[in-house]
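The primary structure of each chain is shown beneath.
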Amino acid sequence: MSPVPVPRPSRLVWSIALGLVLLVLALPSLLTPWIASRVRTAAGARGFDVTWHRLAFRWPLHVGIDSLVVSRQDAPVLQAARVELDAGLRGLMPHLSLTRLALTDAHVLLPTAPPDDARDDTEVRDEDAAAGAPSAPRVRAAAQQLADALLLPARRLPTLQFNEVRVQRGDSLFAEIDGLSLTHERGGVQLAATGAFAGER
């Protein structure tokens, strides 16, 4: 009794498989210009201009940006030697979202003060005294920043990795982050950071 011949893949099957492999390999170079355009459009819609030396996409859903500069009205807001972003499916109803953000050798420039702090100090003190609020605008600004941070649960944040990040407010150094990591493990969040906050002089 002769053995039953095993069917061999047809040329069509091999051609389709080869075409899929080539498509997967070519997609990064095809998607990179589209991603770059989307980044510029999203930044422009928020009033920012972005430039970089190199932007590249690679699998699985990873974007790396070298020498990123984000500015508003020609004033730099963020400068980073390296930015990395990873995307993935998250949530009970899976949707594509940012899962990791990494900054290396970055400089962040914060505004010196909210617009209403430009008013006369006497006017501010009178209004605060009438409302029973702290008289120092900086106290109110710090309280607002804390409230804003608490409104964003850490579980919603992507994995964060910051290395050598300097935060400047006006002409003064506000914070210097040597390293910061925020990871999601066992249904919770782990945060580790080293660095220092500079006291206002």
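Please read these numbers as outputs of a predicted model, since none were measured by experiment.

S.K.: Quick question: what am I supposed to make of the overall build of the chain here?
M.R.: A tally of regular secondary structure across the chain gives 3 helices and 8 strands. Put simply, the chain has 201 residues, and 22% of those count as buried. In the chain, the share of contacts with a sequence separation of at least 24, taken over all contacts with a separation of at least 6, comes to 39%. Of the accessible surface of the chain, which amounts to about 14,600 Å², a share of 62% is contributed by carbon and sulfur atoms.

S.K.: What is the right way to look at the pairing of strand E6 (residues 159–169) in this model?
M.R.: Every other side chain in a regular strand lies on the same face of the sheet, so the side chains alternate between the two faces. When E6 meets strand E7 (residues 172–185), the two strands line up antiparallel, connected through 9 bridges. Following the sheet pairing, Asn163 is matched in E7 by Gly179. In this structure, the hairpin formed by E6 and E7 is closed by a connection of 2 residues, where Gly170 is found at a positive phi of approximately 65°.

S.K.: Honestly, the packing of aromatic side chains in this entry has me stumped. Any pointers?
M.R.: Two descriptors summarise a pair of aromatic rings, namely the distance from one centre to the other and the angle between the planes of the rings. The final tally for this structure, using the stated rule, is 1 aromatic pair. Just above the ring of Phe48 sits the side chain of Arg72; from NZ or CZ to the centre is 4.1 Å. Over the aromatic face of Phe174 sits the side chain of Arg169, whose NZ or CZ is 4.6 Å from the ring centroid.

S.K.: Can you walk me through the confidence of the model for the chain in this structure?
M.R.: Detail in the predicted coordinates should be disregarded across regions flagged by low pLDDT. Here the chain averages 76 in pLDDT, while 68% of its residues score no lower than 70. Contacts of residues 117–121 to residues separated by more than four positions or lying in other chains number 4 contacts, the stretch itself having pLDDT below 50.

S.K.: Any chance you could explain the nonpolar core here in plain terms?
M.R.: Note on soluble globular proteins: their nonpolar side chains tend to be buried together. Residues Trp52, Ile65, Leu68, Leu103 and Val165 are the most contacted members of the largest nonpolar core, which totals 24 residues. Listed by contribution, the elements that provide at least two residues to this core are helix H1 (11–45), strand E2 (54–58), strand E3 (62–72), strand E4 (75–90), strand E5 (95–110), E6 and E7.

S.K.: Is there a simple way to think about the pattern of salt bridges in this case?
M.R.: Tallied over the entire structure, the rule returns 5 salt bridges. A salt bridge links Arg100 to Glu84; the shortest N-O distance between them is 3.2 Å. Taken together, the positions of Arg100 in strand E5 and Glu84 in strand E4 put the pair 16 residues apart, joining distant regions of the chain. Taking the relative accessible area as the measure of exposure, Arg100 reaches 19% and is therefore buried. Here the salt bridges share partners, and the residues they tie into one network are Asp66, Arg82, Glu84, Asp86 and Arg100.

S.K.: Looking at this structure, I do not really get unusual backbone geometry. What am I missing?
M.R.: The step from Trp59 to Pro60 runs through a cis peptide bond, and the omega angle for that step is -5°. In this fold, Pro60 is placed in the loop between E2 and E3. In this structure, Leu61 is a non-glycine residue whose phi angle is positive, near 55°. Position of Leu61 among the secondary structure elements: in the loop between E2 and E3. With a phi close to 55°, Glu164 is a non-glycine residue in the positive phi region. Within the secondary structure, Glu164 is located in strand E6.

Rules behind the numbers
- Residues numbered from 1 in each chain as written.
- Predicted model: local features only at pLDDT ≥ 70, side-chain atom pairs only at ≥ 80, totals over all residues.
- Heavy atoms only, no water.
- Helix = DSSP H or I, 4+ residues; strand = E, 2+ residues; numbered from the N terminus.
- Buried < 20%, exposed > 50% of the residue type's maximum accessible area, 1.4 Å probe, protein only.
- Contact = heavy atoms within 4.5 Å.
- Areas by Shrake-Rupley, 256 points an atom, 1.4 Å probe, with all protein chains shown as cover.
- Pairing = 2+ DSSP bridges.
- Phe/Tyr/Trp six-rings, centres within 6.5 Å; stacked < 30°, edge-to-face > 60°.
- Lys NZ or Arg CZ within 6 Å of the ring centre and 35° of its normal.
- pLDDT = per-residue confidence, 0-100.
- Core = buried A, V, L, I, M, F, W, Y, C linked by side-chain atoms within 4.5 Å.
- Salt bridge = Lys/Arg side-chain N within 4 Å of Asp/Glu carboxyl O.

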